[in-house]
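Understanding the architecture of this molecule
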Amino acid sequence: MFEYEGMQSAAALLSPGSEGTSGRTGPARAGAVSPASARPTRRVDHLGDARAALERITALRSRVSEMEATRVDVQGLPTAAALQSLLPGGAIRVGGSYAVQESVLLAMTMLQAASAEGAWCAVVGVPSFGVEAAAAMGIDLERLVLVPDPGDQWLTVTAALADVAQIVLTRPLGRVVPGDVSRLAARLRQRGGALVALGSWPGADVTLRVTESVWSGIGDGHGHLAERRATVTASGRAGAGRPVSADLLLPAADGAVRPAVVGAVGAAGSVGAAGSAGAAGSSSPVLRPVAVAS
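My aim in this report is to walk through the structure given alongside it, one point at a time. (Residues numbered from 1 in each chain as written. Predicted model: local features only at pLDDT ≥ 70, side-chain atom pairs only at ≥ 80, totals over all residues. Heavy atoms only, no water.)

Below, the discussion takes up the overall build of the chain. In terms of helices and strands, the chain carries nine helices and 11 strands. Within the span of the chain, comprising 294 residues, buried residues form 36% of the whole. Counting only contacts in the chain whose residues sit at least 6 apart along the sequence, the fraction spanning at least 24 positions is 63%. Carbon and sulfur atoms make up 55% of the accessible area of the chain, which totals about 17,200 Å². (Helix = DSSP H or I, 4+ residues; strand = E, 2+ residues; numbered from the N terminus. Buried < 20%, exposed > 50% of the residue type's maximum accessible area, 1.4 Å probe, protein only. Contact = heavy atoms within 4.5 Å. Areas by Shrake-Rupley, 256 points an atom, 1.4 Å probe, with all protein chains shown as cover.)

Structure below.
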């Protein structure tokens, strides 16, 4: 039983004859043992024990923080090469949330690498998500869950799919409160997944948006839209850090998304290059339509 010098029980404090009760002192009983002689010869160093326990707790907390930081901050999910220069650490972070403004194709690219490596992905509330365009960029349709119209239950559906899908793409269809954001982030960390929001998302780690774009492939009265060169800008949470930009083919002529090579647009058959090639009598590149999501 824990004992401390000067400690008294509640019953002893309430007894009429005990010391320290409203200034009353009862007569000493014959044969009573004095407090000094009742003390044990071996005193327990409670202060030292408390300090040692505090040191152990502090060490355990430090260890837990290291383990959590290793899992959340270091571990990354498979990420398309075209996006690596835009994301901190060059990868989609486990438990992270990302916002993609307007571009469905750019949001698809967030899923592409994980899906190609066999991960399950889910899309909630995006009826314009094109399965042909997704297949063209390498997304495995056999491991893709689509919920085009979740209605007002979109957040519940998103949270449920976070239990089974490594990356969940969702379009917020209503107001999101901070508590819902925290609970969903905790579930993603626990399951080893990430969230991509098509639109705004409170506290998103990174927000991606297409700031400039130009299509190529159309000549003077002939040709097809072949590929789009786009500038994608990434900004951090609450404007933290400087925005980062990269030029991408979004999409390339084969439907994939890849980094744009400087000078490749004119050489690959842009409007001006195709017209010049035809006038010179040389063979112009074959331009085929591809499945495209904006």
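Counting residues in each nonpolar core, the largest one holds 41 residues, and the members touching the most others are Met108, Met110, Leu111, Phe129 and Leu208. Counting residues per element, this core draws most heavily on helix α4 (residues 104-116), at eight residues. In contact with Phe129, other than residues within four places in its own chain, are Val104, Met108, Val123, Ala134, Ile139, Leu144, Leu146 and Leu169. Val124, Ala165, Val168 and Leu195 belong to the second-largest nonpolar core, a separate cluster that totals 18 residues. (Core = buried A, V, L, I, M, F, W, Y, C linked by side-chain atoms within 4.5 Å.)

The next point concerns the pattern of salt bridges. Where side chains of opposite charge bring their charged atoms close, a pairing between them can arise. In the structure shown here, the tally under the stated rule is six salt bridges. We note a salt bridge from Asp163 to Arg191, for which the minimum N-O separation is 3.3 Å. Of the two residues, Asp163 sits in the loop between α6 (154-161) and β6 (167-170) while Arg191 sits in helix α7 (residues 178-191), which places them 28 residues apart along the sequence. Looking at Asp163, the relative accessible area reads 32%, which means it is partly exposed. (Salt bridge = Lys/Arg side-chain N within 4 Å of Asp/Glu carboxyl O.)

Let us now look at the sheet that holds strand β3 (residues 97-101). Taken in spatial order, the nine strands line up as β5-β4-β6-β7-β3-β8-β9-β10-β11 in an open sheet, and their pairing is mixed. One side of each edge strand has no neighbouring strand; the edge strands of this open sheet are β5 (144-147) and β11 (258-259). Together, β4 (121-124), β5, β6 and β7 (194-198) form the strand contacts of α6, whose direction differs from that of β4 by roughly 180°. (Pairing = 2+ DSSP bridges. Axes fitted to C-alpha atoms, helices over the stretch in contact; angles between N-to-C directions.)

Here we take up α6. Within α6, burial applies to Trp154, Leu155, Thr158, Ala159 and Leu161. Along the axis of α6, the buried positions cluster into a sector of 165°, meaning they face one direction only. At its buried positions, α6 is contacted by β4, β5, β6, α7 and β7. (Arc of directions from axis to C-beta.)

Note that Ala234 resides in strand β9 (residues 223-236). On the basis of relative accessible area, Ala234 is assigned to the buried category, the value being 4%. For Ala234 and Asp205, which are 29 residues apart along the polypeptide, the C-alpha to C-alpha distance reads 10.0 Å. What Ala234 contacts, discounting residues up to four positions off in sequence, is Leu86, Val206, Thr207, Leu208, Pro243 and Val244.

Burial analysis of β9 places 10 of its 14 residues in the buried class, which makes it a mostly covered element. Strand direction decides the pairing type here: strand β8 (residues 206-218) and β9, joined by 11 bridges, are antiparallel. Bridging from a neighbouring strand, Val214 pairs with Arg229 of β9. With six bridges joining them, β9 and strand β10 (residues 244-249) adopt antiparallel strand pairing. Residue pairing in the sheet places Val232 in a bridge with Ala246 of β10.

With the rule as written, the count across this model stands at one aromatic pair. Seen from their ring centres, Trp154 and Trp201 are 6.4 Å apart, and the 80° between their planes marks the pair as edge-to-face. On the criterion of sequence distance, the pair formed by Trp154 in helix α6 and Trp201 in the loop between β7 and β8 is long-range, its members being 47 residues apart. (Phe/Tyr/Trp six-rings, centres within 6.5 Å; stacked < 30°, edge-to-face > 60°.)

Right, let's talk about a nonpolar patch on the surface for a bit. A cluster of nonpolar side chains, namely Val131, Leu141 and Leu146, defines an oily patch on the protein surface of about 220 Å² accessible area. Structurally, Leu141 is set in the loop between α5 (131-136) and β5. (Patch = residues over 30% accessible without salt bridge, like charges linked within 9 Å, V, L, I, M, F, W, Y side chains within 5 Å.)

This part is about the packing of α6 against α7. One can describe the packing of α6 onto α7 by two numbers: an axis separation of 9 Å at closest approach and a directional angle of 20°. Classified by the angle between their axes, α6 and α7 sit roughly parallel to one another. Considering how the two elements wind past one another, α6 and α7 form a crossing that is left-handed. Note on element contacts: α7 touches α6 through Asp180, Leu184 and Arg187, opposite Leu155, Thr158, Ala159 and Ala160. (Parallel < 35°, antiparallel > 145°, perpendicular 65-115°, else oblique. Left-handed = near helix turned anticlockwise from the far one by under 90°.)

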